[in-house]
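Here is what each chain is made of, one letter per residue.
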Amino acid sequence: QVQLVESGGGLVQSGGSLRLSCAASTSRFSINGVDMGWYRQAPGKEREWVATIGRGGTTYYSDPVKGRFTISRDNAKNTVYLQMNSLKLEDTAVYYCMVVSGFARPAWGQGTQVSVSS
């Protein structure tokens, strides 16, 4: 069973940076040829889309993170990244990665907690 494992979260001050990583739990799943995305869920709110990277490398961002976050992929390492700069209090959430299209969606993983303090 494919699982996507997120890592790299932590506690950071407002204005700081973090880089999240997402890797598959099994080599049977390759991100090559798959559109991948990052999502987040803040306390008391619904999960929301953050960014997508297409199989060809095209990127898309939600308005709240545009200009501050960068999604990237390393197909050789089978890993997707989310570089988060200029973090704000409202970026505090659990961050998840997920298949957007091109492969059957696995179950949501545990996510990685990002907490931004003032």
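The structure this text deals with has already been given above.
Right, let's walk through the structure included here.

Cut-offs used in this document
- Every residue gets a number counted from 1 within its own chain, in the order that chain's sequence is written.
- Residue-level local features of this predicted model are given only where pLDDT is at least 70; pairs of side-chain atoms are given and counted only at 80 or more, and the full residue set underlies all totals for whole chains, interfaces and linings.
- With hydrogens and water stripped out, all remaining heavy atoms of the structure feed into the side-chain values.
- Runs of H or I in DSSP of at least four residues are treated as helices and runs of E of at least two as strands, each being numbered from the N terminus.
- For this measure, only C-alpha atoms enter the radius of gyration; the expected value for a globule follows 2.2 Å times N^0.38, where N is the number of residues.
- Each residue is placed in one exposure class: buried if its accessible area under a 1.4 Å probe, protein chains only, is under 20% of its type's maximum, exposed if it is over 50%, and partly exposed if it falls in between.
- Only a pair of cysteine sulfur atoms within 2.5 Å counts as a disulfide in this structure description.
- A pair of strands is treated as paired once DSSP finds two or more bridges between them.
- Lines fitted to C-alpha atoms define the axes here, with helix axes fitted over just the stretch in contact, and angles between the N-to-C directions of these axes take values from 0 to 180 degrees.
- In this text, buried Ala, Val, Leu, Ile, Met, Phe, Trp, Tyr and Cys residues form a nonpolar core when linked through side-chain atoms within 4.5 Å.
- Any pair of residues with heavy atoms lying within 4.5 Å of one another is described as a contacting pair.

With respect to the overall build of the chain
Looking only at helices and strands, the chain features 0 helices and 10 strands. In the chain, the succession of helices and strands from N to C terminus is β-β-β-β-β-β-β-β-β-β. Since a compact globule built from 118 residues should have a radius of gyration of about 13 Å, the 13 Å found for the chain is in line with a globular shape. Seen through its C-alpha atoms, the chain measures out along the principal axes to roughly 40 × 25 × 25 Å. Residues counted as buried form 47% of the 118 residues belonging to the chain.

Here we look at the state of the cysteines
Going through the model one piece at a time under the given rule, you end up with 1 disulfide. A sulfur-sulfur distance of 1.8 Å marks the disulfide that ties C22 to C97. Handedness here is read from the sign of the S-S torsion; for C22 and C97, about 55 degrees, the answer is right-handed. Within this pair, whereas C22 is found in strand β3 (residues 18-24), its partner C97 is found in strand β9 (residues 93-101), the two being separated by 75 residues in sequence. We note that C22, like C97, is buried.

Focus on the environment of S86
By the secondary structure assignment, S86 is in the loop between β8 (79-84) and β9. Along the primary structure S86 and F69 are separated by 17 residues, whereas in three dimensions their C-alpha atoms are 8.4 Å apart.

Structural notes on the sheet that holds strand β7 (residues 69-74)
Strand pairing in a sheet relies on backbone hydrogen bonds, with the paired strands running either antiparallel or parallel. The sheet built from 4 strands is open, its strands ordered β1-β3-β8-β7 with antiparallel pairing. Only two strands of the sheet have a single partner each, and these edge strands are β1 (4-7) and β7. Neighbour to neighbour, the strand axes of the sheet diverge by 15 degrees on average, direction disregarded. One ladder, built from 6 bridges, connects β3 with β8; its direction is antiparallel. Of the residues in β8, the one forming a bridge with A23 is T79.

A word on the nonpolar core
Counting residues in each nonpolar core, the largest one holds 32 residues, and the members touching the most others are F29, M36, W38, L82, M84 and Y95. Contributions of two or more residues to this core are made by β3, β4 (35-41), β5 (48-53), β7, β8, β9 and β10 (112-117). Those residues in contact with L82, other than ones at most four positions away along the chain, are L18, R19, L20, W38, V50, A51, F69, T70, I71 and Y95.

Some details on the environment of S117
Assignment of secondary structure puts S117 in strand β10. For S117 and G16, which are 101 residues apart along the polypeptide, the C-alpha to C-alpha distance reads 9.6 Å. For S117, the residues in contact, after removing those within four places along its chain, are L11, V12, Q13, S14 and L89.

A short note on the side chain of S62
Considering the arrangement of structural elements, one finds S62 in the loop between β6 (59-61) and β7. You can call S62 buried: its relative accessible area is 10%. In this structure S62 touches W49 and V50, once residues within four positions along its chain are discounted.

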